[in-house]
Amino acid sequence: MNLHEYQGKDILSSFGVCIQRGIVAHNAQEAVDAAKQLTAETGTGWHVIKAQVHAGGRGKGGGVKLAKSLQEVEEIAGKIIGMNLITPQTSAEGKKVHQVLVTEDVYYPGETETDEYYMSVLLNRGTGRNMIMYSTEGGMDIETVAEETPHLIFKEEIDPATGLLPFQARRIAFNLGLSGLAFKEMTKFVTALYTAYVKSDASLFEINPVLKTSDNKIMAVDAKVTIDDNALFRHKDYNDLRDLREENPIEVEAKELGLNYVDLDGNVGCMVNGAGLAMSTMDLIKQSGGEPANFLDVGGTADAARVEAAFRIILKDPNVKAILVNIFGGIVRCDRVAEGIVGAFKNMGDAINVPIIVRLQGTNADIAKEIIDNSGFDVQSAVEFQEAADKVQAVLN
Ligand code: GDP
Ligand code: MN
């Protein structure tokens, strides 16, 4: 689950990570009120208005602006809220901005030299360890830094059994070129950040930039936080943080139906039980020259209701030109699945408007094939895996 910057910062702050403070606003008037409150609490004179969408590169797209007066807060917030923000990380249509974060300005006025660092915490799947990746080259495209000056990116691997050790936090502060108070503040920052990452069951923290202020405070100015969906049951209070407006609507609906669905760019819809079979089905479609339109694991109980729900979800994607059903009848009998498919045709009528190829293997596969072949609907059966893929290709051409 991806979070907005303000939500990510709230989580960081709850674990003692120092952040640039801010208040969310949904319209220009709320933004002015937020600015007044921040001035009262922090003494800040200037404010930064930041679009809250699930995409990075907001600054480049005009979604992060400095306001030097309350009038500018009102003007800028009014302009950003409701705009379609296009950044290097959004689609060409951009993302609609529903809310902004009004923050204190932490880049002190008149300051010419600011120190911005890059820092992320993530899992290194290769070593099975957590990793803090960091660089002196913050505030800009980390991808460009990685490409052109890879020696400026450091990695600290952390054994999950011991956690981040004090010498590691010191090494990070040292590699960032810090000394004195800033050095001490950085070790505190890194330690709190790592604790927050583990305790919140995050799968990614990306803080770009981490700022060293002119009075040597270290703080998170931006926060990209992803929480591991598989751990959400341990964090009931995080469920409210999901912003469905930012997610793919078909995926949201599939999730509500208990289907494991990921939208892709191709034209062959796939309905499969089991993630492994789903992936090999997608591979085969690709090898046969097609492109999968989705990943869909209907799960162990591929009964009539689920089969019909899955058809409805797949057909919401207008790019789908054919559907390949590839189900192994182990727990569920193939004839039951076949009856489910025929039932879906009866219930859905013209809504099923693309050819369907069905491969059912396992218990009662032969009976299932008979049911499909005698159904009278536009559905073909296949016995072998390759045969199924070839039949898909034939209907596409
Ligand atoms: P992103 O573009 O989506 O990564 O959004 P960021 O939160 O990183 O903000 C973009 C840029 O805005 C940062 O790299 C900073 O240079 C700038 N910025 C953020 N906060 C402040 C602030 O308090 N004062 C000033 N002057 N600039 C800021
Ligand atoms: Mn950023």
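Residues numbered from 1 in each chain as written. Chains lettered and ligands numbered in written order. Predicted model: local features only at pLDDT ≥ 70, side-chain atom pairs only at ≥ 80, totals over all residues. Heavy atoms only, no water.

*Asks:* Just checking my understanding: could you explain the nonpolar core for this structure?
*Replies:* The biggest cluster of nonpolar side chains holds 39 residues, and the ones touching the most others in it are Leu12, Met119, Ile132, Met186, Phe189, Leu193 and Phe205. Contributing elements (two or more residues each) for this core: α1 (5-14), β7 (115-124), β8 (129-135), α5 (166-175), α6 (180-199), β10 (202-212), β11 (218-220) and β12 (224-227). Broken down by element, the residue count for this core peaks at 9 residues, all from α6. The next biggest cluster of nonpolar side chains, apart from the first, holds 37 residues, and it includes Ala310, Phe345, Val354 and Ile356. (Core = buried A, V, L, I, M, F, W, Y, C linked by side-chain atoms within 4.5 Å. Buried < 20%, exposed > 50% of the residue type's maximum accessible area, 1.4 Å probe, protein only. Helix = DSSP H or I, 4+ residues; strand = E, 2+ residues; numbered from the N terminus.)

*Asks:* Explain the sheet that holds strand β1 (residues 22-25) here, please?
*Replies:* Strands belonging to one sheet form pairs held by backbone hydrogen bonds; the direction of such a pair is parallel or antiparallel. In space, the 4 strands of this open sheet follow the order β1-β6-β2-β3, with antiparallel pairing throughout. The two strands at the open ends of the sheet, each matched to only one other strand, are β1 and β3 (64-67). Each strand of the sheet is rotated relative to its neighbour by a mean of 25°, with strand direction disregarded. Sheet analysis places β1 next to strand β6 (residues 100-104), joined by 4 bridges and oriented antiparallel. If you follow Ile23 over to β6, its bridge partner there is Val102. Along the sheet face, α1 touches β1, β2 (47-51) and β6 and points at about 50° away from the line of β6. (Pairing = 2+ DSSP bridges. Axes fitted to C-alpha atoms, helices over the stretch in contact; angles between N-to-C directions. Contact = heavy atoms within 4.5 Å.)

*Asks:* Help me understand the environment of Ile86, please; the structure alone is not making it clear to me.
*Replies:* The topology assignment puts Ile86 in the loop between β4 (84-85) and β5 (95-96). Considered as a pair, Ile86 and Gly163 are 77 residues apart in the sequence and their alpha carbons are 39 Å apart. Residues contacting Ile86, with those up to four places away along its chain left out, are Gly61, Ser91, Ala92, Glu93 and Gly94.

*Asks:* Whenever I open this one, unusual backbone geometry confuses me. Can you help?
*Replies:* Excluding glycine, a negative phi dihedral is what most residues carry, and trans is how most peptide bonds are arranged. Note the cis peptide between Asn208 and Pro209, where omega equals 10°. Looking at the secondary structure, you find Pro209 in strand β10. Positive phi, normally seen in glycine, also occurs at Asn216, with a value near 65°. As for its position among the elements, Asn216 is in the loop between β10 and β11. We classify Asn216 as partly exposed; its relative accessible area is 25%.

*Asks:* Looking at this structure, I do not really get the pairing of β8. What am I missing?
*Replies:* Looking along a regular strand, one sees the side chains alternate between the two faces of the sheet. When you tally the buried positions in β8, you get 6 out of 7 residues, the bulk of the element. Bridging between β7 and β8 involves 7 bridges; their strand directions are antiparallel. Along β8, the bridge assignment pairs Ser120 with Met133. Hairpin connection between β7 and β8: a loop of 4 residues separates the two successive antiparallel strands, and Gly128 in this loop has a positive phi of roughly 70°. Both β8 and strand β9 (residues 153-158) contribute to a ladder of 6 bridges, which runs antiparallel.

*Asks:* It is not clear to me how the domain arrangement of the protein should be interpreted in this structure. Could you clarify?
*Replies:* Accessible area lost during the coming together of the parts is what is often quoted as the interface size. Domain annotation of the protein identifies domain 1 (1-18 + 109-247), domain 2 (21-105) and domain 3 (248-396). Look at where the C-alpha atoms of domain 2 and domain 3 centre, and you get two points 45 Å apart. (Domains from an automatic or database assignment.)

*Asks:* I tried to follow the packing of aromatic side chains on my own but got confused; where do I start?
*Replies:* Two measures describe an aromatic ring pair: the distance that separates the ring centres and the angle between the ring planes. Evaluated as defined, the whole model comprises 5 aromatic pairs. With a centroid separation of 5.2 Å and 20° between ring planes, the pair formed by Tyr134 and Phe154 is classed as stacked. With Tyr134 in strand β8 and Phe154 in strand β9, the pair connects residues that are 20 residues apart, well separated along the chain. The class of Phe154 is partly exposed, set by a relative accessible area of 24%. Seen from their ring centres, Phe311 and Phe345 are 6.4 Å apart, and the 65° between their planes marks the pair as edge-to-face. Placement of the pair is Phe311 in helix α9 (residues 304-315) and Phe345 in helix α10 (residues 334-348), with a sequence separation of 34 residues. Taken together through their ring pairs, the aromatic side chains of Tyr194, Tyr197 and Phe205 make up a single cluster. (Phe/Tyr/Trp six-rings, centres within 6.5 Å; stacked < 30°, edge-to-face > 60°.)

*Asks:* Explanation requested: the state of the cysteines in the structure shown.
*Replies:* Formally, a disulfide is one covalent bond, and it connects the sulfur atom of one cysteine to the sulfur atom of another. In total, this model carries 0 disulfides according to the counting rule given. The structure places no disulfide on Cys270, whose sulfur is separated from the nearest cysteine sulfur, that of Cys334, by 18 Å. By relative accessible area, which is 0% here, Cys334 ends up buried. (Disulfide = S-S within 2.5 Å.)

*Asks:* When you look at helix α12 (residues 385-396) in this model, what are you seeing that I'm missing?
*Replies:* The periodicity of an α-helix, 3.6 residues per turn, causes residues three or four places apart in sequence to face the same way. Across its 12 residues, α12 extends 17 Å between first and last C-alpha, which sits within 8% of the 16 Å expected from 1.5 Å per residue. Residues of α12 that are buried include every one of Ala388, Ala389, Val392 and Gln393, and no others. Buried positions in α12, seen along its axis, are confined to an arc of 140° and lie on one side of it. (Expected span 1.5 Å × (residues − 1). Arc of directions from axis to C-beta.)

*Asks:* Is there a simple way to explain the site of ligand 1 in this structure?
*Replies:* Neighbouring ligand 1 are 18 residues; Lys50, Arg58, Gly59, Asp105 and Val106 lie closest to it. With respect to ligand 1, the side chain of Arg58 contributes an N or O atom lying 2.8 Å from an oxygen atom. Asn208 places a polar main-chain atom, nitrogen or oxygen, 3.1 Å from an oxygen atom of ligand 1. Here ligand 1 has 570 Å² of accessible area as a free molecule, and 80% of this is covered by the chains. Counting residues per element, the ones that place at least two in the shell around ligand 1 are β2 and β10. Across the shell around ligand 1, the residue classes break down as 6 nonpolar, 6 polar and 6 charged. (Near = heavy atom within 4 Å. Polar contact = N/O pair within 3.5 Å; in protein donor to acceptor, adjacent residues only side chain to side chain. Areas by Shrake-Rupley, 256 points an atom, 1.4 Å probe, with all protein chains shown as cover. Nonpolar A, V, L, I, M, F, W, Y, C, P; charged D, E, K, R; others polar.)

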